[in-house]
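Topology and contacts: notes
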Amino acid sequence: MSVSNAMAAPSDDAPVVEAPKKARRRRYDAKEVGLAVLFLLPSLAVFSIFFYLPFARLLSWGTYESVRGGSSYNQVGIDQYQEVLGGGEFRAGLWHSLQFVIYTVPAGLILGTLLAVAAHRRLKGIKVFQAIFSSTLASSVAVSSVIFFFLFNPAVGFFEVSWQSDPSWAMFAAALPAIWQNLGLAFVIVLAGLQAVPDEVMEAARLDGYGPLRRLTRITLPLISPVLMFLLVILVIYGFQAFAQIDIITKGGPGGATETLVFKIFKQTQDYGKGAVLSVGLFCVTLVVTFFQFAILDRRVHYGDE
Amino acid sequence: MATSDVNRGAAELAMGQSPARRNAGVAGQYLSLGLLSVLVLGPIGLTVIQALSPPFRYVSAGRPLHPVEVSWQDRTWFTGGPLSVIVRTLIIVALLAWLQKVASGVSWRDKAYLAPSRIVAIVGGTVVVAAAMSSVFQSFFEADGNTALIVAVAMVLVAATQVWGYLSSPKRSPAAAVVMALFTGFGVIAFCIVTMGPTVWTLAWTRYNLGPAMGRSLVMTVCVTVLQVSTATMAAYAFVFLRFPFKRILFALFMATLLLPLEVTLVGNVATIRQLEWTDTMQALVLPFGAAALGTFLIRQGFRGLPPEIRDATRLDGYGHWAFLTKFAVPLTRPVIAAFTVISALSAWNQYLWPRSITESNAFNTLQIQLRLASSSEVANANQAIAAALVAAVPVVLLLIAFQRQIIRGLTAGAVK
């Protein structure tokens, strides 16, 4: 889900389809329309049953308050939205999600760029290093979470630290596997960006007497800035959607210190009313992030000739 | 040139430098790459050590050891049933054959690949590994103190079988062939010791029911991937090659689903599944992922990249839409479809939140959820939970090796135009 959410967004600025000429607009071939319906129906069915219908239900459920843990519901109107979205719990969840994003996103950008710059050169055997750097793609969130759960476990860990049970360190402990797991993705994406930079540009810069550091900051990074922006968007979305790391490593604790928005929603799948409001809150956050990303992308980060 | 660049030994590899400086630069680059590799692979390495803690004790003494006995089985290469013997042998044959291929640069199909020197290396090498590992396992089990010596001898023996094969490649110097043979011997024996010696892998496999869980994950992944690829291909075809009303609105409706990730609709979807009484069923795992806006978008881009003349020409030749789709559109956009197929499979396999939310009995856990169960059940048996996590990663590692190009293309689609 999260992959799909991130992938298409930045490049989805193309016109929808070539508009048919005005004169022919009205004439549709019945057979062709029938075939189109047949082809679109499966997707539309899935989208309406599992995307639009639940969202519509959430919007209305948000106006009902559960009584005695979901045994019955009272209609309270818009009040519940105000109460929950303005309340401390939502704000805490948002802050925890934000913490996770702050831990994982800059680390992913910096380490991904570091690995990609290091491995983007002509050397014998460089393919081996590129394979090693992209290898964390092979681990799932659950695998990486279990690995880091036991590496930093206070009782049997390789490093006996109490991060997982310390409220101020727990979120960092939960973010570590995400940082490690994102290495492969960040590396692959930045490397693709570097490989798209023409060799002549770097050669010209070298002949102009630019040192390696100046080449990196003045030429390479500006040229790959759209790719870095793309990566930033993906990592932010991944960060806001993180769940497995918290479910496996801290289970929301200690004392709710790692209950992110998604974790709170997961806990509320019994109480439809409150869960619905929290979901709508997460939707608004997603929306804000998406608009923010489009606003940045619109400012054309790249210095290309387009 | 060389005089103006006074700094940065490691990163600089300008052409005008003296050979000594260039060599130092190359060494520095390898050193930094090696260091970064250690950082990336570090967690896995430490985790393997943790999983194998007895008889590799924890690095410093005095840590709690695992109460469940994890021993080295009293076995040779040939104990453990015919199936494991065959699998074990085939893995070594494939490994040695692959190494010989990489070293020689000769393709599989080339007749020159089957030179006597390579046959000797593959067959002889496998025989030597089988014989040597029997003694190594025995020695580990008896803990008789000779283990290091036996392992070293085994490595040298395996290396000896490989030298001739490496030497017969035209481009290798004798010194390089010997070094490669030694690395091969070291690597193969170390691989066998870690993966085939300790019982922790099989213990974890049976203790946490990884087999059924993996099967369930596999079925889910295949179903989701087939569904997503076929629905996305059909929808993309309709959006590109068919004329029908409300096209723009429908496409916008497709893309708007990207704003409704599973995390947002979770509460509603869980309620739907409960109302349908579909908890703990395969259709509940699969159907919500039956269509993908991303796939529709990517494949639509691929279809739009086809020259319009192809459609016109095939239409004149009497091909209908269905024939055009199956005989031209799909084959011609195969790279795009393949890339989407692989990332679709990858994300289905890694799915965590949804199976976690709609499975109520542990008997219907997918592999990822089973890992959570393993890690939360008994911290004391950490090594087996860790082993379970490493075993669970193996299928994706194989997928990554087999489809590296497609995965990278799929993941970077949209990043680079």
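Data block above holds the structure.
Predicted model, so just to flag it, every value in this text is computed and none were measured.

Thresholds, definitions, all that
- Residues numbered from 1 in each chain as written.
- Chains lettered and ligands numbered in written order.
- Predicted model: local features only at pLDDT ≥ 70, side-chain atom pairs only at ≥ 80, totals over all residues.
- Heavy atoms only, no water.
- Helix = DSSP H or I, 4+ residues; strand = E, 2+ residues; numbered from the N terminus.
- Buried < 20%, exposed > 50% of the residue type's maximum accessible area, 1.4 Å probe, protein only.
- Contact = heavy atoms within 4.5 Å.
- Buried area = accessible area lost by both parts, 1.4 Å probe.
- Salt bridge = Lys/Arg side-chain N within 4 Å of Asp/Glu carboxyl O.
- Core = buried A, V, L, I, M, F, W, Y, C linked by side-chain atoms within 4.5 Å.
- Domains from an automatic or database assignment.
- Axes fitted to C-alpha atoms, helices over the stretch in contact; angles between N-to-C directions.
- Parallel < 35°, antiparallel > 145°, perpendicular 65-115°, else oblique.
- Nonpolar A, V, L, I, M, F, W, Y, C, P; charged D, E, K, R; others polar.

It is worth spelling out unusual backbone geometry at this point. All names here are of chain B. Even without being glycine, Asn209 reaches a positive phi, approximately 50°. Residue placement: Asn209 occurs in the loop between helix H6 (200-207) and helix H7 (210-241). Using a relative accessible area of 47% as the deciding quantity, one classes Asn209 as partly exposed. Unusually for a residue other than glycine, Phe246 sits at a positive phi of about 60°.

Facing 112 residues of chain B, the contacting portion of chain A comprises 107 residues. The contact between chain B and chain A buries some 10200 Å² in all, and 72% of this surface belongs to carbon and sulfur atoms. Our enumeration of links across chain B and chain A arrives at one salt bridge. Between Arg356(B) and Asp247(A) there is a salt bridge, with its nearest N and O atoms 2.4 Å apart.

Counting 169 residues, the largest nonpolar core has Phe133(A), Tyr237(B), Phe244(B), Phe303(B) and Phe340(B) as the members making the most contacts within it. The biggest single contributor to this core is helix H7 (residues 170-196) of chain A, with 15 residues. Each of two domains, domain 1 (1-42) and domain 3 (206-412) of chain B, supplies a minimum of three residues to this core. The residues touching Phe133(A), leaving out its near neighbours within four places in the chain, are Leu115(A), Ala119(A), Leu183(A), Gly184(A), Phe187(A), Leu33(B), Leu36(B), Ser37(B) and Val40(B).

What follows covers the pattern of salt bridges. Where side chains of opposite charge bring their charged atoms close, a pairing between them can arise. With the rule as written, the count across this model stands at eight salt bridges over all chains. Of the charged contacts, one joins Lys267(A) and Glu259(A) as a salt bridge, the two residues approaching to 2.6 Å between their closest N and O atoms. For Lys267(A), a relative accessible area of 45% translates into the label partly exposed. Put simply, Glu360(B) and Arg274(B) hold a salt bridge, and the shortest N to O gap is 3.8 Å. With Glu360(B) in the loop between helix H15 (353-358) and helix H16 (367-377) and Arg274(B) in helix H9 (residues 262-275), this pair connects stretches of sequence that are 86 residues apart.

Residue and element names in this part refer to chain B. It is at 12 Å that the axes of H7 and helix H13 (residues 321-332) come closest, and there the two elements cross at 105°. Between H7 and H13, the interaxial angle falls into the category roughly perpendicular. In this structure, H7 contributes Thr233, Tyr237 and Phe241 to the contact, and H13 contributes His321, Phe324, Leu325, Ala329 and Val330. In terms of residue class, the contact of H7 with H13 is built from six nonpolar, two polar and no charged.

Our next topic: the environment of Leu183(A). Mapped onto the secondary structure, Leu183(A) falls in helix H7. With relative accessibility at 9%, the residue Leu183(A) sits in the buried group. Those residues within four positions of Leu183(A) in sequence are excluded, and the remaining contacts are Leu111(A), Leu115(A), Phe133(A), Thr136(A) and Val40(B).

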